[in-house]
Amino acid sequence: MAQSRFEKVGTIYSKTRGFLATGAITTEQIPLWYDVYEAFPPKYEPRWDRVIGQDKQIKKILYNEDILRAKFYNEFGSGEVVDLHKPGKLASQIFIDKYNSLAEKGDIEKDLLWESTLQALEVDGIDIK
């Protein structure tokens, strides 16, 4: 069998390599990432106990779109059903696209942009409420 089943001993790569060596999985069952990992191994082995230096803290990524979407759902709720098989955009995405297009024009002040976007969508006949 592969090495220890304890999650802190070995990496997923070493466990997969062990499965291949012992015949626990066949070559058809090799994960997609395995060949890529062997071709381009990471500079440092991704282990659970690796210490990240103070200068290499993980940065939080927050886009303007995230803030808009959060504000949209706080105001209007998330009553719509997400259907991945249905083409088209969610109401939040339609709102964000309109907001960004109005912001790019630069005619409207930033603090009035939210209300202007709502009015522009009403003029376009889109009901997001």
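Now for the packing of helix α3 (residues 64–76) against helix α4 (residues 91–105). Axis separation between α3 and α4 bottoms out at 10 Å; the angle between their running directions is 125°. Here α3 lies oblique to α4, going by the angle between them. For the pair α3 and α4, the crossing hand works out as right-handed. Residues E65, L68, R69, F72 and Y73 of α3 form the contact with α4, whose participating residues are A91, S92, Q93, F95, I96, Y99 and N100. Taken together, the residues of the contact of α3 with α4 sort by class into seven nonpolar, three polar and two charged.

Let us look at the pattern of salt bridges. Note on pairing: side chains with opposite charge can pair once their charged atoms come close. Enumeration according to the criterion identifies three salt bridges in this entry. Of the charged contacts, one joins E65 and R69 as a salt bridge, the two residues approaching to 3.1 Å between their closest N and O atoms. Placement of the pair is E65 and R69 together in helix α3, with a separation of four residues, close to one helical turn. Taking relative accessible area as the criterion, E65 reaches 32% and is therefore assigned partly exposed.

Counting through the fold element by element, K98 comes out in helix α4. A relative accessible area of 22% means that K98 is categorised as partly exposed. Contact partners of K98, with chain neighbours within four places excluded, come to T117, A120, L121 and D124.

Parameters at a glance
- Residues numbered from 1 in each chain as written.
- Predicted model: local features only at pLDDT ≥ 70, side-chain atom pairs only at ≥ 80, totals over all residues.
- Heavy atoms only, no water.
- Axes fitted to C-alpha atoms, helices over the stretch in contact; angles between N-to-C directions.
- Helix = DSSP H or I, 4+ residues; strand = E, 2+ residues; numbered from the N terminus.
- Parallel < 35°, antiparallel > 145°, perpendicular 65-115°, else oblique.
- Left-handed = near helix turned anticlockwise from the far one by under 90°.
- Contact = heavy atoms within 4.5 Å.
- Nonpolar A, V, L, I, M, F, W, Y, C, P; charged D, E, K, R; others polar.
- Salt bridge = Lys/Arg side-chain N within 4 Å of Asp/Glu carboxyl O.
- Buried < 20%, exposed > 50% of the residue type's maximum accessible area, 1.4 Å probe, protein only.

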